[in-house]
Amino acid sequence: MDTKTIKKEAINTQTTERISGSEAVVRCLLEEGVKVLYGYPGGAIMPVYDELYKFQDKIHHVLARHEQGATHAAQGYARISGEVGVAIATSGPGATNLITGIADAQIDSTPMVCITGQVSSHLLGSDAFQETDIVGISTPVTKWNCQVTKASQIPEAMAKAFYIAKSGRPGPVLVDITKDAQFEEFDFKYEKCKGVRSYNPIPKLDPTSVAAAAKLINAAKKPMIVWGQGVSLGQAEAQFKAVVEKAGIPSAWTILGAGAIPTSHPLNIGMVGMHGNYAPNVLTNDCDVLIAIGMRFDDRVTGSLSTYAKQAKVIHFEIDPAEIDKNVKTDVAVLGDAKESLAALLPLLEEKTHPEWHQKFKDLYAIEYEKVIKDDLHPTKEGLTMAEVLKEINIQTKGDAAIVSDVGQHQMIACRYANFNKTRSNITSGGLGTMGFGLPAAIGAKMAAPDREVISISGDGGYQMTIQELGTIFQQKVPVKIVVLNNEFLGMVRQWQQLFFEKRYASTEMTNPDFVAIAKGYSIEAQKVTKREELKDAVAKMINTDGPYFLEVCVEKEGNVFPMIPTGASVSEVRLE
């Protein structure tokens, strides 16, 4: 019998077709609209790769140079597009190499589906070659996972995976498929998942909680908003902007929330957190109503919880019930989708301007400008600052670029000084703080948004953790722009060593290779800048180059990032020097 013969009977208006489990995996991906996936082949996933070869005109597989790079690329793809990113790997070390990216996606609420091959089912538990319990290993860092041992289980598992990954508060899922299930044939039929019993991704909005929130906001004399990524994840930017403008509330952002309203918006008062702006940090402990929208009160935002906003009534707009009262006790919790919740709130709000309250933010910004920002952007010293580089990129991209940053000092500088005129423009590793995130994530972001300028910003330390992904850029011809701010240190750790460990620079000084030569080895145009007068033309050349480009900028070796809230300190104890 021809294994591709379509059966005559129809089930739920769909015909069944006898195919292998490996082909079913690819068919499921196509049914879910997947156009690109990132991965690395190996023995236990080889049948799926054989099918990907046959379907390469319909789905594009990107060969990463390391499985971690594949997950970060899938994250970058998801973060800029809002679609589910997909990564695939073999069993054993291939699967375990995905874990860092999966954990990063979990804590940053990034929708991602990871597919791993596994040894044949009769070998499970026998310590077979390249066998690891990836379901057990990944359980703490996935939204959901499962192991498939029969081909017939593949469609349901894949449909459920995509539904769970993208519904409600997004996150990563993992589907582990044994090799015999990939070879086995069965009658294939695919139905998209529309719900999972006992899983309620979007809580039903309670109008009384919305009304209670509006009452507190309308009565507030000194209200303040802190918003996070939940605004963009919920595609609620328009509703959020309308609420902010009608109520006239000073609004600050977490690093993953950046861009929901433009940096230049008059009610955008900057970033909160350890290296956030002075005014929103200090005045968190002065506001009378604190409105948190789509953020989780991370410790990098709150500092010492014992002193955080104790004077304020706290309103928390949140989709995940687990986040309510987890870190900060709320007075009013509004559970639900951000777009629906803010749309319900808007007509209940009174129009306000709060001029005296706004003046306090302006006064504190003036202090920060004199003590920090002026020297960052307009230095009188010889060495280049990281902020100067971001300033030049702002000028030449008009603030429309997507900035994909690694983790460290350069990340905080990018968040502080990049202009984010569009939503989903600040793509970085927030909760996990994964060095090496930036370069592969920029690959995924550029492939998802080819019409946008995508610029990777890395330090010399994090860049070398995934530098091999230059090979992916070379092979795929991804026109991403790469900037390495080189201070020859693991800069953030060195700053802490300077401030809190009496300048004992233990294992933080870097002896670096010739980055330009390495880039050119991958046929990527490259340039090194060591002087201020070279910067403008170098950035212009990078931006105007059609293909990928690498720019190394040598910045001051012992520059620090301020403001800074020391670990365990109150947000109002933020240091300016």
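K.L.:
Can you break down the overall build of the protein residue by residue, with the values?
P.N.:
Within the protein, the regular secondary structure consists of 23 helices and 21 strands. Considering the protein as a whole, with its 577 residues, one finds that 59% of them fall into the buried category. In the protein, 76% of the contacts between residues at least 6 apart in sequence involve partners at least 24 apart. Of the roughly 23,100 Å² of accessible surface on the protein, 52% is carried by carbon and sulfur atoms. Of note, the protein has its 59 positive side-chain charges centred 3 Å away from the centre of its 68 negative side-chain charges.

K.L.:
Please provide a residue-by-residue account of the sheet that holds strand β5 (residues 85-89), values included.
P.N.:
As summarised here, the arrangement of the six strands in space is β4-β3-β5-β6-β8-β7, forming an open sheet in which the pairing is parallel. Two strands close off the open sheet at either side, each with one partner strand: β4 (60-63) and β7 (144-148). Neighbouring strand axes in the sheet, compared pairwise and without regard to direction, differ in orientation by 20 degrees on average. Bridge count for strand β3 (residues 36-39) against β5 is two bridges, and the pairing is parallel. In the strand pairing of β5, Y38 is matched with A87. Sheet strands touched by helix α3 (residues 67-81): β3, β5 and β6 (112-118). Its angle to β5, the strand with the most contacts, is close to 165 degrees.

K.L.:
An account of the domain arrangement of the protein is requested, with residue identities and associated values reported.
P.N.:
Domain boundaries assigned for the protein yield domain 1 (16-188), domain 2 (207-360) and domain 3 (378-554). Roughly 630 Å² of surface becomes buried between domain 1 and domain 2 when both sides are summed, with 53% attributable to carbon and sulfur atoms. Of all residues in domain 1, the largest losses of buried area upon contact with domain 2 belong to R79, D108 and R169, amounting jointly to 64% of the total for that side. When the shortest N-O distance is used, the salt bridge between D320 and R169 registers 2.8 Å. For the interface between domain 1 and domain 2, the tally reads three residue pairs in polar contact (both at pLDDT 80 or more). Within the side of domain 1 that touches domain 2, the residues separate by chemical class into two nonpolar, two polar and three charged.

K.L.:
Can you explain unusual backbone geometry? Please cite residues and give values.
P.N.:
Backbone torsion omega between F562 and P563 reads 0 degrees, so that peptide bond is classified as cis. Mapped onto the fold, P563 is located in the segment after β21 (549-554). The phi dihedral of S198 falls on the positive side, at around 75 degrees, and the residue is not glycine. In this fold, S198 is placed in the loop between β9 (185-188) and α9 (207-219). One non-glycine residue, Q235, lies in positive phi territory at about 50 degrees. When you line up the elements, Q235 lands in the loop between α10 (230-233) and α11 (237-247).

K.L.:
How would you summarise the side chain of T330 if you had to cite specific residues and measurements?
P.N.:
Mapped onto the secondary structure, T330 falls in the loop between β14 (313-318) and β15 (332-335). Residue T330 is classed as buried on the basis of its relative accessible area, which comes to 9%. Excluding anything up to four places from it in sequence, T330 contacts V314, H316, I324 and D325.

K.L.:
Explain α9 to me, and be specific about the residues and the numbers.
P.N.:
With 13 residues, α9 extends 18 Å between its outermost C-alpha atoms, agreeing within 8% with the 18 Å of an ideal straight helix rising 1.5 Å per residue. Regarding α9, the residues found buried are S209, V210, A213, A214, I217 and N218. Each element contacted by the buried residues of α9 is listed here: α11, β13 (289-293), β14, β15 and α14 (338-345).

K.L.:
Please set out the packing of helix α1 (residues 21-31) against helix α7 (residues 154-166) residue by residue, giving values where relevant.
P.N.:
It is at 9 Å that the axes of α1 and α7 come closest, and there the two elements cross at 30 degrees. In terms of orientation, α1 and α7 fall into the roughly parallel class. The two elements α1 and α7 meet at a crossing, and its hand is right-handed. Mapping the contact onto sequence places G21, A24, V25, C28 and L29 in α1 and I154, P155, M158 and F162 in α7. Among the residues forming the contact of α1 with α7, the class breakdown is eight nonpolar, one polar and no charged.

K.L.:
Tell me about the packing of aromatic side chains, and name the residues and values.
P.N.:
Across all of its chains, the model carries 13 aromatic pairs by this definition. Measuring from centroid to centroid gives 5.6 Å for W496 and F500, while their planes differ by 65 degrees, and the two rings are edge-to-face. Remark: F500 and W496 occur in helix α21 (residues 491-500); sequence separation between them is four residues, near one turn of the helix. In this arrangement the basic side chain of R494 is found over the ring face of F489, its NZ or CZ atom lying 5.7 Å from the centre.

K.L.:
Outline the packing of α1 against helix α2 (residues 46-54), supporting the account with residue identities and numerical values.
P.N.:
Think of two packed helices as two axes; the pair is described by the angle between the axes and how far apart they sit. Where α1 meets α2, the closest approach of the two axes is 8 Å, and the angle between their N-to-C directions is 55 degrees. The orientation of α1 relative to α2 falls into the category oblique. The two elements α1 and α2 cross, and the hand of that crossing is right-handed. Between α1 and α2, the contacting residues are S22, E23, V25 and V26 on the first element and P47, V48, E51 and L52 on the second. Of the residues that constitute the contact of α1 with α2, the class distribution is five nonpolar, one polar and two charged.

K.L.:
I'd like to hear about the pattern of salt bridges, residue by residue, with values.
P.N.:
For the coordinates displayed, the defined rule picks out 26 salt bridges. For R27, the salt bridge is made with E23, and the minimal N-O distance between the two is 2.8 Å. Taken together, the residues span about one helical turn, with R27 and E23 both in helix α1 at a distance of four residues. On the accessibility criterion, E23 (4% relative accessible area) is buried. Here the salt bridges share partners, and the residues they tie into one network are R169, D320, E323 and K326.

Conventions adopted
- Here, residues in each chain are numbered from 1, in the same order as that chain's written sequence.
- Local features in a predicted model are, by the rule used here, given only for residues with pLDDT of at least 70; side-chain atom pairs are given and counted only at 80 or more, and totals for whole chains, interfaces and linings are based on all residues.
- Hydrogen atoms and water are omitted, and side-chain values are computed over all heavy atoms in the structure.
- Runs of E in the DSSP output that reach at least two residues are strands. Runs of H or I that reach at least four are helices, and both are numbered from the N terminus.
- In this scheme, a residue with accessible area under 20% of its type's maximum is buried, one over 50% is exposed, and one in between is partly exposed, where area comes from a 1.4 Å probe on protein chains only.
- Pairs of residues are marked as contacts when any of their non-hydrogen atoms sit within 4.5 Å.
- Methods summary: accessible areas were calculated by the Shrake-Rupley approach with a probe of 1.4 Å, and residue burial reflects only the protein chains presented.
- His is not counted here, nor are the chain ends, while Lys and Arg score as positive and Asp and Glu score as negative.
- To locate a charge, take NZ of a lysine, CZ of an arginine, CG of an aspartate or CD of a glutamate.
- A pair of strands is considered paired only if DSSP assigns at least 2 bridges between the two.
- To define axes, lines are fitted to C-alpha atoms, for helices over the stretch in contact only, and angles between the resulting N-to-C directions are given on a 0 to 180 degree scale.
- Delimitation of the domains relies on an automatic or database domain assignment.
- Buried area: the sum, over both parts, of the accessible surface (1.4 Å probe) that disappears when the two are put together.
- Take a side-chain nitrogen of Lys or Arg and a carboxyl oxygen of Asp or Glu: if they are within 4 Å of each other, that pair is a salt bridge.
- Polar contacts here mean pairs of N or O atoms no more than 3.5 Å apart (in protein, one a potential hydrogen donor and the other a potential acceptor; neighbouring residues in sequence count only if both atoms are side-chain atoms).
- For this classification, Asp, Glu, Lys and Arg are treated as charged, while Ala, Val, Leu, Ile, Met, Phe, Trp, Tyr, Cys and Pro are nonpolar and the rest, including Gly, are polar.
- Residue count minus one, scaled by 1.5 Å, sets the expected span of a helix.
- Throughout this description, any angle smaller than 35 degrees is read as roughly parallel, any larger than 145 degrees as roughly antiparallel, any in the 65 to 115 degree range as roughly perpendicular, and the remainder as oblique.
- Handedness of a helix crossing follows the sense of rotation of the near helix relative to the far helix, less than a right angle counterclockwise being left-handed and clockwise being right-handed.
- When two rings of Phe, Tyr or Trp (its six-membered ring) have centres within 6.5 Å they constitute a pair, described as stacked for plane angles under 30 degrees, edge-to-face for angles over 60, and tilted for the intermediate range.
- Geometrically, a lysine NZ or arginine CZ counts as sitting over a ring once it is within 6 Å of the ring centre and also within 35 degrees of the ring normal.

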